[in-house]
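Residues per chain, in single letters:
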Amino acid sequence: MRKRDEVENWAVYRAQQILMREGMDLALSARDFDNNTIRAKGKLLAMAIAASLLEASAVAAE
């Protein structure tokens, strides 16, 4: 398997993880109309995305 294919597979898997965890938490907060929790969960989602981008750049640099 080529390195690019491995990175693409990893990216899809990470995106699914983030969406299932932080994305679902954010959606549930929005459903409950809890503004404080929406902000907190949105921040967690943004942090998870940023962390995965940093992780991806480290993998791509190898």
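A few points on the structure. Keep in mind the model is a prediction, meaning the values are calculated, not measured.

Rules and cut-offs
Residues numbered from 1 in each chain as written. Predicted model: local features only at pLDDT ≥ 70, side-chain atom pairs only at ≥ 80, totals over all residues. Heavy atoms only, no water. Helix = DSSP H or I, 4+ residues; strand = E, 2+ residues; numbered from the N terminus. Rg over C-alpha atoms; globule rule 2.2 N^0.38 Å. Buried < 20%, exposed > 50% of the residue type's maximum accessible area, 1.4 Å probe, protein only. Areas by Shrake-Rupley, 256 points an atom, 1.4 Å probe, with all protein chains shown as cover. Contact = heavy atoms within 4.5 Å. Polar contact = N/O pair within 3.5 Å; in protein donor to acceptor, adjacent residues only side chain to side chain.

## Concerning the overall build of the chain
Line of reasoning, step 1. A count of helices and strands for the chain gives two helices and zero strands.
Line of reasoning, step 2. Expected size for 62 residues packed as a compact globule is a radius of gyration near 11 Å; at 14 Å, the chain overshoots this value by more than 25%.
Line of reasoning, step 3. Taken along its principal axes, the extent of the C-alpha atoms in the chain is 45 × 15 × 10 Å.
Line of reasoning, step 4. Counting over 62 residues, the chain shows a buried share of 13%.
Line of reasoning, step 5. Put simply, the chain shows about 4,800 Å² of open surface, and 63% of that area lies on carbon and sulfur atoms.

## With respect to the side chain of Ser29
Line of reasoning, step 1. Structurally, Ser29 is set in helix 1 (residues 3-31).
Line of reasoning, step 2. For Ser29, a relative accessible area of 6% translates into the label buried.
Line of reasoning, step 3. If we ignore the near neighbours within four places in the chain, the residues touching Ser29 are Asp34, Thr37, Ile38 and Lys41.

## Brief notes about the side chain of Ser52
Line of reasoning, step 1. Mapping Ser52 onto the fold places it in helix 2 (residues 35-61).
Line of reasoning, step 2. Of note is the side chain of Ser52, whose polar atom sits 2.8 Å from the backbone oxygen of Ile49.
Line of reasoning, step 3. Setting aside anything within four residues of it in sequence, one finds Ser52 in contact with Trp10, Arg14 and Ile18.

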